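Next come the chains, spelled out residue by residue.
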Amino acid sequence: SWAALAQDSTGSIDLFGAMPSGSTYVPTVGDAINAAGSWSPYHQIPELALLTSISLASSGNPVPARPIATIGALNSSLTIPLSLAAYPVELDNVSLFTDAAATIPASGNFAAANTAFYVKDTGGNIMELYFWYTSYSCDGAMVGTPIPTGPVDVVGLLSQTGTFGVEITPYSFTPVPEPSTLVLAGLGLAGLLVSRRRIS
């Protein structure tokens, strides 16, 4: 299965699953599309699943900036704001830790295992970062690479389930103060296409 993020003037959505039977369309950053499928929200991620059709409307559209969130604001509610749901969200200047109190810095390499890390900002706010190796191919691609040991900007997808707080699944890490060079969001069809297994 694949996940692609698409947005219009009203918000963003995750297009999840296999391409419709017979479709030759290949999702590309900057494409504007028409798509149909089943409305299937997942962990507060707006989602269109079981795609029945998808087609290109235009290509080469400008890519809007991704939203920047703060841990303090995300910790204030168990509800992901619609302005951040299904967007590739950026958290700036955070550090990774292995414990929920954020006292033990993460180190070593990313392992081939689903792992809960914690990110802390300069104000002391902490939230979970879930390295979802078995569900997202972008995390799988990080296996064996060094875990960032200094301040980074994290880009990822927010999710929330049950009574747990909002968490972020990482797509990329950029060391601070270097500027981020990875563009993930697009007009119509976002620039993220990763394989994902759906796990309840």
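For the structure, check the block above.
A brief look at the structure comes next. (Residues numbered from 1 in each chain as written. Predicted model: local features only at pLDDT ≥ 70, side-chain atom pairs only at ≥ 80, totals over all residues. Heavy atoms only, no water.)

To continue, consider the overall build of the protein. Helix and strand counts for the protein come out as 2 helices and 11 strands. Listed by position from the N terminus, the elements making up the protein come as β-β-β-β-β-α-β-β-β-α-β-β-β. The buried share among the 200 residues of the protein stands at 46%. Accessible surface computed for the protein: about 9,300 Å², of which carbon and sulfur atoms make up 58%. (Helix = DSSP H or I, 4+ residues; strand = E, 2+ residues; numbered from the N terminus. Buried < 20%, exposed > 50% of the residue type's maximum accessible area, 1.4 Å probe, protein only. Areas by Shrake-Rupley, 256 points an atom, 1.4 Å probe, with all protein chains shown as cover.)

This part is about the nonpolar core. Counting 26 residues, the largest nonpolar core has Leu91, Met127 and Leu158 as its most contacted members. At the level of elements, helix 1 (71-74), strand 6 (89-97), strand 7 (115-120), strand 8 (126-131), strand 9 (152-159) and strand 10 (167-175) are the ones that each hand at least two residues to this core. With 4 residues, strand 6 is the single largest residue contributor to this core. With sequence-adjacent residues up to four places away left out, Leu91 is seen in contact with Ala69, Thr70, Ile71, Leu74, Val119, Met127, Val152, Asp153, Val154 and Ile168. Residues Ala86, Trp132, Tyr136 and Tyr171 belong to the second largest nonpolar core, which totals 9 residues. (Core = buried A, V, L, I, M, F, W, Y, C linked by side-chain atoms within 4.5 Å. Contact = heavy atoms within 4.5 Å.)

On to the environment of Met127. Note on placement: Met127 falls in strand 8. Met127 has contacts with Ile71, Leu74, Asn75, Leu91, Phe117, Tyr118, Val119, Leu158, Val166, Glu167 and Ile168, leaving out every residue within four places of it along the chain.

The tally for this structure, following the rule as stated, stands at 1 salt bridge. For Glu90, the salt bridge identified is with Arg66, shortest N-O distance 2.8 Å. Taken as a pair, Glu90 in strand 6 and Arg66 in the loop between strand 4 (47-58) and strand 5 (68-69) lie far apart in primary sequence, 24 residues in all. Given the relative accessible area of 9%, Glu90 is considered buried. The buried category is assigned to Arg66, whose relative accessible area is 15%. (Salt bridge = Lys/Arg side-chain N within 4 Å of Asp/Glu carboxyl O.)

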